[in-house]
Amino acid sequence: AWIALVLLLLAGMLPAQTFVDSNTSASLRNASMTIESELESHGARVMGKDLYRWQTRLEKLDGCRVEFSVRVDSNLTDPTVNVQTVSFSLGALNPYEISFQRHWLEIPCMEENCIYSTTRCTRKSADGVVIDCTTPNQTWAHAFALEMDGNAASALRLQKAFYDAVTSCRQPARVSF
(Lines give C-alpha, C1' and ligand atoms only; values in the text may rest on other atoms or scores of the structure.)
Protein backbone atom coordinates (compact mmCIF):
# COMPACT_ATOMS: atom_id res chain seq x y z
CA ALA A 1 0.00 0.00 0.00
CA TRP A 2 2.87 2.36 0.86
CA ILE A 3 4.51 1.66 -2.48
CA ALA A 4 1.33 2.59 -4.34
CA LEU A 5 1.06 5.81 -2.31
CA VAL A 6 4.69 6.73 -3.02
CA LEU A 7 4.22 6.05 -6.74
CA LEU A 8 1.12 8.27 -6.82
CA LEU A 9 2.98 11.08 -5.05
CA LEU A 10 5.94 10.81 -7.41
CA ALA A 11 3.67 10.79 -10.45
CA GLY A 12 2.03 13.99 -9.17
CA MET A 13 5.44 15.67 -8.95
CA LEU A 14 6.30 15.03 -12.59
CA PRO A 15 6.21 18.18 -14.66
CA ALA A 16 3.28 18.64 -16.99
CA GLN A 17 4.11 17.67 -20.54
CA THR A 18 2.80 19.67 -23.45
CA PHE A 19 2.41 18.27 -26.90
CA VAL A 20 1.39 19.85 -30.14
CA ASP A 21 -2.04 18.89 -31.31
CA SER A 22 -1.76 17.09 -34.64
CA ASN A 23 -4.40 19.43 -36.12
CA THR A 24 -2.24 22.46 -35.25
CA SER A 25 0.88 21.02 -36.88
CA ALA A 26 -1.15 19.93 -39.92
CA SER A 27 -2.61 23.42 -40.37
CA LEU A 28 0.89 24.93 -40.05
CA ARG A 29 2.22 22.50 -42.68
CA ASN A 30 -0.66 23.36 -45.01
CA ALA A 31 -0.15 27.09 -44.46
CA SER A 32 3.59 26.74 -45.07
CA MET A 33 3.04 24.88 -48.34
CA THR A 34 0.47 27.45 -49.52
CA ILE A 35 2.70 30.42 -48.64
CA GLU A 36 5.71 28.83 -50.31
CA SER A 37 3.72 27.94 -53.43
CA GLU A 38 2.06 31.34 -53.78
CA LEU A 39 5.37 33.16 -53.37
CA GLU A 40 6.98 30.90 -55.98
CA SER A 41 4.21 31.85 -58.42
CA HIS A 42 3.45 35.45 -57.42
CA GLY A 43 6.25 36.66 -55.12
CA ALA A 44 8.47 38.21 -57.80
CA ARG A 45 8.21 41.27 -59.97
CA VAL A 46 10.34 42.95 -62.63
CA MET A 47 10.08 46.61 -63.55
CA GLY A 48 11.61 48.03 -66.70
CA LYS A 49 14.12 45.96 -68.63
CA ASP A 50 15.63 44.37 -65.53
CA LEU A 51 16.10 47.82 -63.95
CA TYR A 52 14.41 46.71 -60.76
CA ARG A 53 13.62 43.14 -59.68
CA TRP A 54 12.46 41.81 -56.34
CA GLN A 55 11.41 38.47 -55.01
CA THR A 56 10.04 37.34 -51.67
CA ARG A 57 10.59 33.79 -50.45
CA LEU A 58 9.61 31.81 -47.39
CA GLU A 59 12.91 30.61 -45.94
CA LYS A 60 11.51 28.61 -43.04
CA LEU A 61 8.50 28.07 -40.86
CA ASP A 62 9.65 26.30 -37.71
CA GLY A 63 6.96 25.82 -35.11
CA CYS A 64 5.32 29.24 -34.99
CA ARG A 65 8.46 31.17 -36.05
CA VAL A 66 8.68 32.27 -39.66
CA GLU A 67 11.49 33.79 -41.75
CA PHE A 68 11.29 35.42 -45.16
CA SER A 69 13.94 36.77 -47.49
CA VAL A 70 13.25 39.75 -49.73
CA ARG A 71 15.81 40.18 -52.52
CA VAL A 72 15.87 43.44 -54.46
CA ASP A 73 18.14 43.79 -57.51
CA SER A 74 18.55 47.32 -58.83
CA ASN A 75 20.39 48.17 -62.05
CA LEU A 76 19.70 51.90 -62.14
CA THR A 77 23.36 52.87 -61.66
CA ASP A 78 25.84 50.34 -60.31
CA PRO A 79 24.15 46.91 -59.97
CA THR A 80 23.06 46.62 -56.33
CA VAL A 81 21.57 43.66 -54.46
CA ASN A 82 19.76 44.13 -51.15
CA VAL A 83 18.67 41.02 -49.25
CA GLN A 84 16.38 41.66 -46.31
CA THR A 85 15.78 38.88 -43.77
CA VAL A 86 12.45 39.27 -41.99
CA SER A 87 11.43 37.11 -39.04
CA PHE A 88 8.58 37.04 -36.56
CA SER A 89 6.41 34.82 -34.41
CA LEU A 90 3.06 33.98 -36.01
CA GLY A 91 1.41 34.13 -32.59
CA ALA A 92 2.31 37.83 -32.27
CA LEU A 93 0.36 38.80 -35.40
CA ASN A 94 -3.17 40.14 -35.65
CA PRO A 95 -5.00 37.63 -37.88
CA TYR A 96 -8.01 39.94 -38.34
CA GLU A 97 -5.98 42.83 -39.76
CA ILE A 98 -4.06 40.92 -42.46
CA SER A 99 -5.14 42.66 -45.64
CA PHE A 100 -4.33 42.86 -49.33
CA GLN A 101 -3.21 46.25 -50.57
CA ARG A 102 -2.39 47.05 -54.17
CA HIS A 103 0.76 44.92 -54.57
CA TRP A 104 1.39 43.57 -51.10
CA LEU A 105 -0.16 41.73 -48.20
CA GLU A 106 -0.08 43.85 -45.03
CA ILE A 107 0.78 41.60 -42.06
CA PRO A 108 0.49 43.55 -38.78
CA CYS A 109 1.46 42.76 -35.19
CA MET A 110 -1.19 42.34 -32.53
CA GLU A 111 0.16 45.00 -30.15
CA GLU A 112 3.77 46.10 -30.44
CA ASN A 113 6.63 45.91 -32.92
CA CYS A 114 7.07 42.17 -33.38
CA ILE A 115 8.71 41.99 -36.81
CA TYR A 116 12.51 41.95 -36.89
CA SER A 117 14.57 42.53 -40.01
CA THR A 118 18.15 42.99 -41.17
CA THR A 119 19.43 43.91 -44.63
CA ARG A 120 22.63 42.98 -46.47
CA CYS A 121 23.75 45.01 -49.46
CA THR A 122 26.32 44.39 -52.21
CA ARG A 123 27.18 46.64 -55.13
CA LYS A 124 29.21 45.90 -58.24
CA SER A 125 31.37 48.80 -59.42
CA ALA A 126 31.96 49.67 -63.08
CA ASP A 127 35.26 47.78 -63.03
CA GLY A 128 33.55 44.61 -61.69
CA VAL A 129 34.58 44.84 -58.03
CA VAL A 130 31.89 43.69 -55.58
CA ILE A 131 31.58 46.04 -52.61
CA ASP A 132 29.74 45.42 -49.35
CA CYS A 133 27.40 48.42 -48.97
CA THR A 134 25.64 47.12 -45.85
CA THR A 135 25.01 49.63 -43.10
CA PRO A 136 23.95 48.59 -39.59
CA ASN A 137 20.18 48.46 -39.87
CA GLN A 138 18.52 45.95 -37.60
CA THR A 139 14.95 47.16 -37.24
CA TRP A 140 11.74 46.30 -35.47
CA ALA A 141 8.44 47.09 -37.17
CA HIS A 142 4.71 46.92 -36.45
CA ALA A 143 3.88 45.35 -39.84
CA PHE A 144 5.44 43.48 -42.75
CA ALA A 145 4.47 44.39 -46.30
CA LEU A 146 4.80 41.08 -48.12
CA GLU A 147 5.16 42.25 -51.71
CA MET A 148 3.57 40.32 -54.55
CA ASP A 149 2.83 40.73 -58.24
CA GLY A 150 -0.70 42.03 -57.56
CA ASN A 151 -2.62 38.81 -58.32
CA ALA A 152 -5.78 39.18 -56.21
CA ALA A 153 -6.65 35.45 -56.12
CA SER A 154 -3.14 34.62 -54.89
CA ALA A 155 -3.38 37.38 -52.28
CA LEU A 156 -6.62 35.89 -50.94
CA ARG A 157 -5.01 32.43 -50.69
CA LEU A 158 -2.01 33.94 -48.88
CA GLN A 159 -4.27 35.91 -46.57
CA LYS A 160 -6.18 32.74 -45.63
CA ALA A 161 -2.95 30.75 -45.16
CA PHE A 162 -1.59 33.43 -42.80
CA TYR A 163 -4.90 33.61 -40.94
CA ASP A 164 -4.90 29.83 -40.46
CA ALA A 165 -1.26 29.78 -39.34
CA VAL A 166 -1.69 32.67 -36.91
CA THR A 167 -4.87 31.30 -35.34
CA SER A 168 -3.32 27.85 -34.91
CA CYS A 169 -0.29 29.43 -33.20
CA ARG A 170 -2.51 31.48 -30.90
CA GLN A 171 -4.41 28.43 -29.62
CA PRO A 172 -3.33 27.17 -26.21
CA ALA A 173 -1.38 23.93 -26.23
CA ARG A 174 -3.00 20.95 -24.58
CA VAL A 175 -1.36 19.74 -21.40
CA SER A 176 -1.28 16.19 -20.06
CA PHE A 177 -0.31 15.30 -16.52
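Computed from a prediction, not measured in an experiment: that's the story for all the values here. Within each chain, residue numbers correspond to sequence positions counted from 1 in written order. Two thresholds apply to this predicted model, a pLDDT of at least 70 for residue-level local features and 80 or more for giving and counting side-chain atom pairs, whereas whole-chain, interface and lining totals are computed over all residues. Hydrogen atoms and water are omitted, and side-chain values are computed over all heavy atoms in the structure.

Draft legend 1. Here's a closer look at the nonpolar core. For this analysis, a nonpolar core means a set of buried residues of the types Ala, Val, Leu, Ile, Met, Phe, Trp, Tyr and Cys, connected via side-chain atoms within 4.5 Å. With a 1.4 Å probe rolled over the protein chains alone, any residue whose accessible area is under 20% of its type maximum counts as buried; one over 50% counts as exposed, and the rest are partly exposed. Judged by nonpolar contacts, the single largest core of 31 residues is most densely connected at Phe68, Phe88, Leu90, Phe144, Leu146 and Phe162. Only DSSP runs of H or I covering at least 4 residues are called helices, and only runs of E covering at least 2 are called strands; the numbering of each starts at the N terminus. Contributions of two or more residues to this core are made by α2 (22-42), β3 (52-62), β4 (65-74), β5 (80-89), β7 (104-108), β11 (143-147) and α3 (152-170). When residues in this core are grouped by element, the largest group, seven residues, is from α3. Should any heavy atoms of two residues lie within 4.5 Å, those residues are counted as being in contact. Contacts of leucine 146, omitting those with residues within four sequence positions, involve Leu39, Thr56, Phe68, His103, Trp104, Leu105, Ile107, Leu158 and Phe162.

Draft legend 2. Local environment of the sheet that holds β7. Strands are treated as partners if at least two bridges between them are detected by DSSP. Within the open sheet, the three strands sit side by side as β6-β7-β11. Their pairing is antiparallel. Only two strands of the sheet have a single neighbouring strand rather than two, namely β6 (99-100) and β11. Here α3 sits on the sheet in contact with β6, β7 and β11, set at roughly 20° to β7. In this description, a line fitted to the C-alpha atoms serves as the axis of each element, helices being fitted only across the stretch in contact, and the angle between N-to-C directions of two axes falls anywhere from 0 to 180 degrees.

Draft legend 3. Here's a closer look at the pattern of salt bridges. Only one rule defines a salt bridge in this text: a Lys or Arg side-chain nitrogen within 4 Å of an Asp or Glu carboxyl oxygen. Summed over the entire model, instances satisfying the criterion amount to four salt bridges. Measuring nitrogen to oxygen at the nearest pair gives 2.7 Å for the salt bridge that ties glutamate 38 to arginine 157. Linking glutamate 38 in helix α2 with arginine 157 in helix α3, this pair joins segments that are 119 residues apart in sequence. On the basis of relative accessibility, which here comes to 9%, the residue glutamate 38 falls in the buried class. For the salt bridge of arginine 57 with glutamate 40, the shortest nitrogen-to-oxygen distance reads 3.4 Å. One end of the pair, arginine 57, is in strand β3; the other, glutamate 40, is in helix α2, and 17 residues separate them in sequence. Residue arginine 57 is classed as buried on the basis of its relative accessible area, which comes to 16%.

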